[in-house]
Each structure stands twice: as C-alpha cells, then as structure tokens.
Amino acid sequence: MKFFLDTANLDELKKGASWGIVDGVTTNPTLIAKEGRPIEEQIRLICDIVDGDISAEVVSTETSAMIEEGKRLARIHKNIVVKCPLTRDGIRATAALSKSGIRVNVTLCFTAGQALLAAKAGAYIISPFVGRLDDVGYTGMDLVRSITQIYKNYNFKTQVLAASLRSPTHVIDSALAGAHIGTMPFKVLDMLFNHPLTDKGLDQFLKDYAKAFQETPVAG
Ligand code: G3P
C-alpha cells in the first residue's frame with residue numbers, strides 16, 4: 001500500500017519525506033486554507049518536497065469551471081492529480097479531464113455506488129472517507145472493502161485511496177481491505193512507529209552492548 005500524507009504543511013511534509021516512506025500527498029481546500037498561501041503557490045512548494053502524486057482540489061462547483069480550474073492546477077507540475085468532488089458536475093468534469101489525459105482523484109465518496117460512478121468516469125483515484133463515516137455511526141472500513149471488491153470484480157483500474165484515516169488501526173485495516181493507497185495526517189504516520197517493546201528492546205540491546213565493551217580489556 002502506498003502511503004500519502006494528508007496535509008499541506010511544509011514542515012510535516014519535509015519530516016515525513018525525510019523518512020523515505022511517503023509516496024504522495026493529498027490536500028483539500030481546508031488543509032490549503034490552514035497554511036495561508038494561495039493554492040498554486042502552496043502546491044508548487046509541496047511538489048518540491050515530495051516526488052509523487054500530489055492531489056490539488058478544485059473549488060469550483062460547476063462542470064466547465066471545474067474543468068478550467070483542473071487544467072490550471074494540472075499545469076503546475078507533472079505530478080498533480082486534480083481532485084473533484086463526487087457530485088454530478090464533478091463526475092462530468094472527471095470524465096472530461098480524464099479523457100484529456102489529466103488524472104483525477106474523486107473525493108467525498110461515501111457509498112460504493114458513488115465509487116462505481118467515479119470508476120466509470122475514468123477516475124485515477126477514488127477517495128472513500130473512513131473516519132467521517134465512523135463519525136456518523138457507520139463502519140467506514142466496510143466501504144473500503146466493498147469498493148476494492150467491486151473494482152476487482154470488473155477490473156477497474158481506478159485506485160482506492162482510503163482517506164479520513166484517524167489512527168494507526170485505520171491504516172492497518174485499510175491495508176487488510178486491499179486499499180492501494182492510505183492517506184493520513186502526519187500525526188498518524190508518526191504514531192505508526194510506536195511500540196513500547198521496540199523502545200524497551202533497543203534500550204536493553206544498547207545497555208548490553210555498552211556493558212560488554214566496557215568490560216572487554218583493550219588488546220595490545
Ligand atoms: O483529505 C480528505 C480527508 O482525508 C479528510 O480527513 O479527518 O478531515 O475527515 P478528515
């Protein structure tokens with residue numbers, strides 16, 4: 001499974017990228033707004049940090065405006081994936097942009113039926129929102145499972161990107177469900193490292209090693 005960071009924060013992206021395990025980035029208008037720079041500028045800076053798919057979302061809501069905006073965003077860098085919302089206009093824009101060779105990530109997916117629409121429109125990525133479904137009393141991960149199964153049944157090439165992941169367990173369950181990509185906040189990526197037995201074991205190894213060498217008489 002590819003790991004994407006779900007953030008537009010440059011410090012978080014630099015730190016994540018330095019670990020050598022970040023395959024791409026997803027942003028949305030909320031995440032861009034938090035950083036305070038115009039989207040084109042922020043996305044360009046992100047492309048300088050991470051060499052992988054970088055999702056940039058349109059804020060237009062009508063098909064022809066989405067297409068224009070999508071084309072403008074795609075011109076920023078070769079790694080840009082244009083994000084369109086799962087609305088009628090968004091699916092129309094997805095079909096048009098995909099036909100013209102621009103890769104589209106269809107976002108705000110909450111049902112398997114919506115995911116079928118995105119795949120049929122030629123989307124490069126579908127983004128089911130796991131955490132937001134959990135928030136309203138559904139099991140978000142069931143949606144990821146259903147979509148991966150349906151796409152397999154019909155050999156759709158659209159990649160399933162598990163989004164709105166809120167915990168390491170969400171990441172693991174996405175991988176078990178067969179998601180191609182998991183996008184997560186920096187905090188969740190960081191938490192994936194943690195286990196008390198790793199810390200305890202390393203501490204013991206270092207103590208044993210230091211003790212052995214302190215006690216070994218120096219030759220010569
Ligand atoms: O970028 C879309 C998605 O990952 C947002 O997550 O936590 O705001 O539901 P969240």
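Before reading on, note that the structure itself is shown above.
Residues numbered from 1 in each chain as written. Predicted model: local features only at pLDDT ≥ 70, side-chain atom pairs only at ≥ 80, totals over all residues. Heavy atoms only, no water.

**Student:** Please set out the pattern of salt bridges residue by residue, giving values where relevant.
**Tutor:** This model, assessed by the stated rule, comprises eight salt bridges. Between D53 and R103 there is a salt bridge whose closest N-O contact spans 3.0 Å. In this pair, D53 sits in strand β3 (residues 53–57) while R103 sits in the loop between α5 (88–99) and β5 (104–109), placing the two residues 50 residues apart along the sequence. Here D53 falls in the buried class, since its relative accessible area comes to 12%. A salt bridge links R145 to D142, with the nearest nitrogen and oxygen atoms 2.6 Å apart. With R145 and D142 both in helix α8 (residues 140–154) and three residues apart, the pair spans about one turn of that helix. On the basis of relative accessible area, R145 is assigned to the partly exposed category, the value being 40%. On the basis of relative accessible area, D142 is assigned to the partly exposed category, the value being 40%. (Salt bridge = Lys/Arg side-chain N within 4 Å of Asp/Glu carboxyl O. Helix = DSSP H or I, 4+ residues; strand = E, 2+ residues; numbered from the N terminus. Buried < 20%, exposed > 50% of the residue type's maximum accessible area, 1.4 Å probe, protein only.)

**Student:** Tell me about helix α1 (residues 10–18), and name the residues and values.
**Tutor:** Buried residues of α1: L10, L13 and G16, and no others. End-on view of α1: buried residues confined to an arc of 130°, all on one side of the axis. Seen from the buried face of α1, the exposed residues on the opposite side, beyond 90 degrees, are D11 and S18. Where the residues of α1 are buried, they touch β1 (2–6), β2 (24–26), α3 (39–49) and α10 (186–191). Capping of α1 at its N-terminal end is provided by N9; its side-chain oxygen lies 3.1 Å from the backbone amide nitrogen of D11. After α1 finishes, the residue G20 shows a positive phi value of roughly 75°. (Arc of directions from axis to C-beta. Contact = heavy atoms within 4.5 Å. Polar contact = N/O pair within 3.5 Å; in protein donor to acceptor, adjacent residues only side chain to side chain.)

**Student:** Quick rundown of the nonpolar core? Include the residues and the values.
**Tutor:** With 54 residues, the main nonpolar core has I43, I80 and I126 as its most contacted residues. Looking at this core element by element, the count peaks at five residues for α8. Apart from residues lying up to four places away in sequence, I80 is in contact with I43, C47, I54, A56, L73, A74 and R103. Counting six residues, the second-largest nonpolar core is a separate cluster that includes I125, F129, A163 and I181. (Core = buried A, V, L, I, M, F, W, Y, C linked by side-chain atoms within 4.5 Å.)

**Student:** Go over the packing of helix α4 (residues 63–74) against α5 with me, naming the residues and quoting the values.
**Tutor:** It is at 8 Å that the axes of α4 and α5 come closest, and there the two elements cross at 45°. In terms of their interaxial angle, α4 and α5 are classed as oblique. Here α4 runs over α5; the crossing is right-handed. Together, T63, M66, I67, G70 and K71 of α4 and D89, G90, R92, A93, A96 and L97 of α5 make up the contact between the two elements. Looking at the contact of α4 with α5 residue by residue, the class counts come to five nonpolar, three polar and three charged. (Axes fitted to C-alpha atoms, helices over the stretch in contact; angles between N-to-C directions. Parallel < 35°, antiparallel > 145°, perpendicular 65-115°, else oblique. Left-handed = near helix turned anticlockwise from the far one by under 90°. Nonpolar A, V, L, I, M, F, W, Y, C, P; charged D, E, K, R; others polar.)

**Student:** If you had to explain the layout of surface pockets to someone new, which residues and values would you point to?
**Tutor:** Reported here for the largest pocket is a volume of approximately 460 Å³. If you list the elements that add at least two residues to the lining of the largest pocket, you get α2 (29–35) and α10. The element contributing the most residues to the lining of the largest pocket is α2, with four residues. Within the lining of the largest pocket, the residues separate by chemical class into nine nonpolar, eight polar and eight charged. (1 Å grid on protein atoms, 1.4 Å probe; cavity = no way out; pocket = protein on both sides within 12 Å on 5 of 7 lines; lining within 4 Å. Points joined across faces, edges and corners; volume = space filled by probe spheres on them.)

So, to be careful, I would describe these as geometric facts and stop short of saying anything about function.
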